[in-house]
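Chains, contacts and geometry: an overview
Here is what each chain is made of, one letter per residue.
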Amino acid sequence: MEKLQEHFIRIRKLLDNTFFRILFFLVLGIVLFTAMFNNVKPEKLDIELFSVAGKTIRSPGTVEDRQSTEKKRKEARDQVQAVYTLKNEYTQNRVDLITSIFSAAAEVNDEVKDNKKKQAAEASEEPPQIIEPSVSEKVTMLKSKLTPTVSKDLSDQVFSALVQANNEELSIAKDLTVTAINNVMTKRISADEVENAKKRVEEEVKYSALSENMRIAAIDLGRYAVIQNEFYDPSATEELRRQAAESVEPVKILQGQIIVEEGKLINQDIYRQLKLVGLLQNEKSFKPFIGLVVLISIILTSLYCYFYQMKSLPEKRQNFLLLFGMIFILTIFLLKILSMLQVFNYSAIGYLFPAALAGMMIKILIDEKLAIMTSIILAVCGSVLFNEGVSGTLNFSEGIYILFSALGGILFLSNQNQRSKILQAGIFSAVVNLLTILALMYLPNGQYSGLEYGYYFITALVSGIASAVLTIGLLPFFEASFGILSTIRMIELSNPNHPLLRKILMEAPGTYHHSVMVANLAESACEAIGANGLLARVGSYYHDIGKTRRPNFFIENQIHHDNPHDRLPPDKSASIIIAHVTDGSNMLKKCHMPKEIIEIAEQHHGTTLLKFFYHKALQADPDVREDDFRYPGPKAQSKESAVVGIADSVEAAVRSLSQPTPELIESLVKKIVADRLQDGQLNECDLTMKEIETVTFTLCETLKGIFHSRIEYPELIKKVKQA
């Protein structure tokens, strides 16, 4: 074990270098990539066109079938009818045209009448000789009032009938013709419907009460007026076709969709779909591997940032990093081994994975936040590793199961400080597993037999209990290999039945009582400033273990003995007192105690001066060196060591008071703290002045509670007087 610990120390020192730290994370990345490579590797099938499928083939992912989409969109465009627009203004235009023709004919009649009146007025003989224009002349007059196009399009027969009719007949004919035209042209008339429309006008006018010539003229005018009023609208047609094409949803081959069933012929369309989803051997795709690299990069980056921002000493941080790496790789190895058993088609083999193992170990040995973060990472990795038999790359059920199981174990251990509680946490995790599996079975409304329920519940119980058993089994290895002082380990070290504590109790009972008092003071002070109160308590129990080598040389153990220092020179007495620090450190190291406990024992006196023996030596030799009467140190390097040192001095000083009052206690505590500050004993730890004030106040309050005044009982006073 010592050799293994030495190897870990060497690796930890290498991690101080940025290059090796990055290399360490690259190793983690390679482990993750190797573990999940086969699970994201696209399945390739040796299939030929027009062969028979040997098994039912499903799509490994969701892919858009662009060819089918375009085909459906083309069909949608082709189904759109051409858009024709009705030109309503054409009806009014043609009505106005026919009206103007009739009006022109009426004007010709009026002009002829006016001309007759004029001739009659100018003639001198009786009766007057009036020259009336011929029909052809009237037709010429009428055509002059019309456009050349109209004059050309209509026959002279029509014009003759118009100029021969009187205004009243013209008005009636006009009304009949215009009405017929309006009735017909208010409806859609396409190019191939024009002749039918003309016939409808003819039918309406044909049975009117007009004279024969006038009726024929009206029919010709009506037929002439009717034209096409419905025309193809290319822009509107194209817009409708565009909307129809856009309304078509993209055709997708869904993840898990059956592309071809077993025994079916693989035609060109199926072969194209197999090629599209990347299942053919001649189709190489690197996208899954790129996605895996990106996923691993996100995981490693988050871990790197977490350890980079961790608020702890660099040496401790590298120790945690190496410890995390080992736990993480071990867990990934277990995940991979179980995932390989999927080839035996065991249903939900992933539920056997001890999901709470890594979370509980990291919670106990390192940090709760890192444990939760690791649980999330393992849930993602597990969903990839246990993707056999599911459509797609991720098995979300397995990921949820791992996450909830791990969180259950972590949360149950939040306030537990005993190793025996780990098994209870495992049982709690098993209960969470059962509930999670039940939820995952019921959510899709699945139908399961009693045997399947039993199988799933057994796997859930095995997973939870295995997590606890493995945690209990692996904790001592990691604690010993990395010198980790976990909360559970400290609780065990605080057990009064521990061999070293029993040694103090049996050989130096006064020191034992002093250590317990110091532990109470140091724990309350550390908790007040946010330091590790449990570490301070346990360190206080062992800080004076060195006094067991010569217990009678320390005043707390001299109840029924003379003080041997009265017979010794001051330098000899000082060396014996100082030696208890180095003796204690050696004893703790020999018993393989945690480094933090050893450091408290070495640092609780710092380099303070043994004032009593120094001043005694000065009386005999004014040239005596002060350094010979100082503890070897080092000075306190942590808050816990500094607080234990202050509590040690304060407890001894207050205990020596014959009549301790609150004012005297407070004055003495402040003096001791001021002396430590002035002597520079707190310069190498990270205690702030505000925290020192808090420590001083807490120690005063605790001591006042311990050394409070007591009432004198009458019977006791009477017995004392009688004695």
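Residues numbered from 1 in each chain as written. Predicted model: local features only at pLDDT ≥ 70, side-chain atom pairs only at ≥ 80, totals over all residues. Heavy atoms only, no water.

**Some details on empty space enclosed by the protein**
Within the structure shown, the criterion is met by one cavity of 30 Å³ or more. In terms of lining residues, the largest cavity is bounded by Q603, H604, H605, G606, A636, S641, A642, G645, R676, Q681 and L682. Residue contributions to the lining of the largest cavity peak at three residues, all from helix α27 (residues 639–655). In terms of residue class, the lining of the largest cavity is made up of three nonpolar, seven polar and one charged. (1 Å grid on protein atoms, 1.4 Å probe; cavity = no way out; pocket = protein on both sides within 12 Å on 5 of 7 lines; lining within 4 Å. Points joined across faces, edges and corners; volume = space filled by probe spheres on them. Helix = DSSP H or I, 4+ residues; strand = E, 2+ residues; numbered from the N terminus. Nonpolar A, V, L, I, M, F, W, Y, C, P; charged D, E, K, R; others polar.)

**Here we look at the environment of M214**
For M214, the position within the fold is in helix α10 (residues 212–225). Sequence-wise, M214 and Q164 are 50 residues apart; in three dimensions their C-alpha atoms are separated by 8.9 Å. The residues contacting M214, other than those within four sequence positions of it, are F102, A161, L162, A165, E169, L170 and A173. (Contact = heavy atoms within 4.5 Å.)

**Description of the environment of A528**
Within the secondary structure, A528 is located in helix α22 (residues 509–529). Classification of A528 by relative accessible area gives partly exposed; the value is 40%. Put simply, A528 and T698 are 170 residues apart on the chain and 7.3 Å apart in space, counted from C-alpha to C-alpha. Those residues in contact with A528 that lie beyond four places of it in its chain are T694 and T698. (Buried < 20%, exposed > 50% of the residue type's maximum accessible area, 1.4 Å probe, protein only.)

**Focus on the pattern of salt bridges**
Considering all chains together, one arrives at 32 salt bridges under this definition. Across the salt bridge formed by K143 and D156, the nearest N and O atoms sit 2.5 Å from each other. Placement of the pair is K143 in helix α5 (residues 135–144) and D156 in helix α7 (residues 156–164), with a sequence separation of 13 residues. Overall, the relative accessible area of 26% leaves K143 in the partly exposed class. For D156, a relative accessible area of 44% translates into the label partly exposed. The shortest N-O distance in the salt bridge between K671 and D675 comes to 3.2 Å. Taken together, the positions of K671 and D675, both in helix α28 (residues 662–678) and four residues apart, correspond to about one turn of that helix. Of the residues examined, K671 reaches a relative accessible area of 49% and is grouped as partly exposed. Owing to a relative accessible area of 26%, D675 belongs among the partly exposed residues under this scheme. Each of E666, K670, E701 and K704 takes part in salt bridges that share partners, so that together they form one network. (Salt bridge = Lys/Arg side-chain N within 4 Å of Asp/Glu carboxyl O.)

**Side note on α5**
If you check which residues of α5 are buried, you get K138, V139 and L142. Buried residues of α5, viewed axially, fall in a sector of 105°; they line one side. In α5, the exposed positions that point more than 90 degrees away from the buried face belong to S136, T140 and S144. (Arc of directions from axis to C-beta.)

**Thoughts on the nonpolar core**
Grouped together as the largest cluster of nonpolar side chains are 67 residues, with contacts concentrated most on F307, F324, L365 and I366. Among the elements of the structure, α2 (18–40), α13 (287–308), α14 (314–340), α15 (356–365), α16 (368–385), α17 (396–412), α18 (421–442) and α19 (450–482) are those that each provide at least two residues to this core. Of the residues forming this core, the biggest block, 10 residues, is contributed by α14. Sequence-distant contacts of I366, that is, excluding residues within four places in its chain, are made with M310, F320, L323, F324 and M361. Counting residues in hydrophobic clusters, the runner-up holds 49 residues, among them Y541, V644, C700 and L703. (Core = buried A, V, L, I, M, F, W, Y, C linked by side-chain atoms within 4.5 Å.)

**A look at the packing of aromatic side chains**
For the structure shown, the criterion picks out 19 aromatic pairs. Between Y90 and F231, the ring centres sit 5.5 Å apart and the planes meet at 70°, which makes this aromatic pair edge-to-face. Of this pair, Y90 sits in helix α4 (residues 88–122) while F231 sits in strand β4 (residues 230–232), placing them 141 residues apart in sequence. Judged by relative accessible area, which is 27%, F231 ranks as partly exposed. On the basis of an interplanar angle of 10° and a centroid distance of 6.5 Å, the ring pair of Y304 and Y308 is categorised as stacked. (Phe/Tyr/Trp six-rings, centres within 6.5 Å; stacked < 30°, edge-to-face > 60°.)

**Observations regarding unusual backbone geometry**
In this model, G633 is joined to P634 through a cis peptide bond whose omega is 10°. Note that P634 resides in the loop between α26 (611–620) and α27. For H592, which is not glycine, the phi torsion reads 55° and is therefore positive. With respect to the helices, strands and loops of the structure, H592 is situated in the loop between α24 (570–590) and α25 (595–603).

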